[in-house]
Amino acid sequence: MTESVGLFLYCRLGFETECAAEITALARAQGVEGFCKAKPESAYVVFQTADVESALKVHENVAFTHMVFARQWFVMLGLGRDLPVTDRVSGLVTGFSTWAHGAAELIIETPDTNEAKELSALCRTIEKPLEGQLKRAGILKGKSAWRAHVCFLSGSAAYFGVSVVRNSSAWRMGIPRLRFPSSAPSRSALKLEEAFLVFLSESETTRAFRAGMRAVDLGAAPGGWTWQLVHRGLYVTAVDNGPMDERLMAGGEVEHIRADGFYYRPAQPVEWMVCDIAEKPRRVAGLLVHWLTEGWCQRTVFNLKLPMKKRYQEVELCLDMVRQALMEAELNMVVRCKQLYHDREEVTVYVGPR
Ligand code: SAM
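Residues numbered from 1 in each chain as written. Predicted model: local features only at pLDDT ≥ 70, side-chain atom pairs only at ≥ 80, totals over all residues. Heavy atoms only, no water.

Undergrad: Quick question: what am I supposed to make of a positive patch on the surface here?
TA: Judged by side-chain charge, Lys117, Arg124, Arg172 and Arg177 come together as a positively charged surface patch. Structurally, the position occupied by Arg124 is in helix α5 (residues 120-136). You can call Arg124 exposed: its relative accessible area is 59%. (Patch = residues over 30% accessible without salt bridge, like charges linked within 9 Å, V, L, I, M, F, W, Y side chains within 5 Å. Areas by Shrake-Rupley, 256 points an atom, 1.4 Å probe, with all protein chains shown as cover. Salt bridge = Lys/Arg side-chain N within 4 Å of Asp/Glu carboxyl O. Lys, Arg positive; Asp, Glu negative; His and termini not counted. Charge placed at Lys NZ, Arg CZ, Asp CG, Glu CD. Helix = DSSP H or I, 4+ residues; strand = E, 2+ residues; numbered from the N terminus. Buried < 20%, exposed > 50% of the residue type's maximum accessible area, 1.4 Å probe, protein only.)

Below is the structure:
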């Protein structure tokens, strides 16, 4: 096992164990064994493989969209250690020279921790010179299916490698930079916006949101998710015993029903149902299955809150439960799940037509 060859995965701080368990299972399904280094609170996982080819096999065959806990990933080509403060670039360029397929772009990243944030100035300083030298070395070139990554762990150490552009996050460190809309009632609004960006392709987005469609928002107060739906032209029934934002209610597109989301039934089927109720994940998954199999909604986004210890197993169990129920009901739907950047101790799931 070569220490610095394998897969590098970014995850939410505190979810290293889950990210490690997931990549181990996915790699094993591809016939690739590896060794995981998942330091608690590091916000990344290193999955060491016997050689680069094994890591490439996993990277090219496992769909990034199927990974729940990885925000971003790349195939590690090596680890630059003791990079001299006066010239961190040359060692990295030499490291990339073994890579024959080139790269269309370069991203310089760090794990998403407070300590690593201190390295962001270094990342900015090194970007242009490294880009320039990689171009001169013929590694960075316009046309390539690959992207080059450098991830600084400290001022003198960085993993470097490549990812397939189409099978990784388009965002640096897998983090979307979304602007909080001043009229949105809560920061949760960003979570649903990210979910739509992550789970829906452009054509799905066009089909999924048309003016006049109807949605139900379970656990809606104060209304960040409802705001996102209204913003996309939908009429929303907001179900929550708590108060909704007054400005949002004044618009006339929202009906507020004070009721328990687990017992509320829509008078007629709706296009969307979203649910942000903090409850046991299995109970929430059961509720969603009920809505889908009864035909009460066509699409849904919901959160599974994960305060328990076996978080990876719990997510797998809930997703299996949903997939099994859809199969039994002969509903041909996609199930996508991700721990979004705006998620905390939770993951977000989308279910919709294939
Ligand atoms: N998505 C909301 C937003 O964007 O503003 C935030 C939702 S907040 C995290 C959870 C909400 O679920 C709370 O307002 C709470 O009152 C509501 N809730 C908890 N249990 C519920 C239940 N059984 N039925 C309906 N709402 C419930």
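Anyway, onward from the coordinates.
Undergrad: Quick question: what am I supposed to make of unusual backbone geometry here?
TA: As a rule of thumb, non-glycine residues mostly have phi less than zero, and peptide bonds are mostly trans rather than cis. Following Ala221, the chain continues to Pro222 via a peptide bond in cis, the omega torsion being 5°. Of note, Pro222 is situated in the loop between β8 (214-218) and α8 (224-231). Located in the positive-phi region is Asp82, a residue other than glycine, with phi close to 45°. On the secondary structure map, Asp82 appears in the loop between β4 (72-80) and α3 (89-96). The backbone phi angle of Met173 is positive, close to 60°, even though this residue is not glycine. Tracing the backbone shows Met173 in the loop between β7 (157-164) and α6 (188-199).

Undergrad: How should the site of the ligand be read in this particular structure?
TA: Residues in close proximity to the ligand total 17 residues, the closest being Ser186, Gly224, Asp240, Gly261 and Asp276. Between an oxygen atom of the ligand and a main-chain N or O atom of Gly224, the distance comes to 2.9 Å. One of the backbone N or O atoms of Trp225 is found 2.9 Å from an oxygen atom in the ligand. Considering the ligand on its own, with 600 Å² of exposed area, one finds that the protein chains cover 73% of that surface. For the shell around the ligand, the residue count by class is eight nonpolar, six polar and three charged. (Near = heavy atom within 4 Å. Polar contact = N/O pair within 3.5 Å; in protein donor to acceptor, adjacent residues only side chain to side chain. Nonpolar A, V, L, I, M, F, W, Y, C, P; charged D, E, K, R; others polar.)

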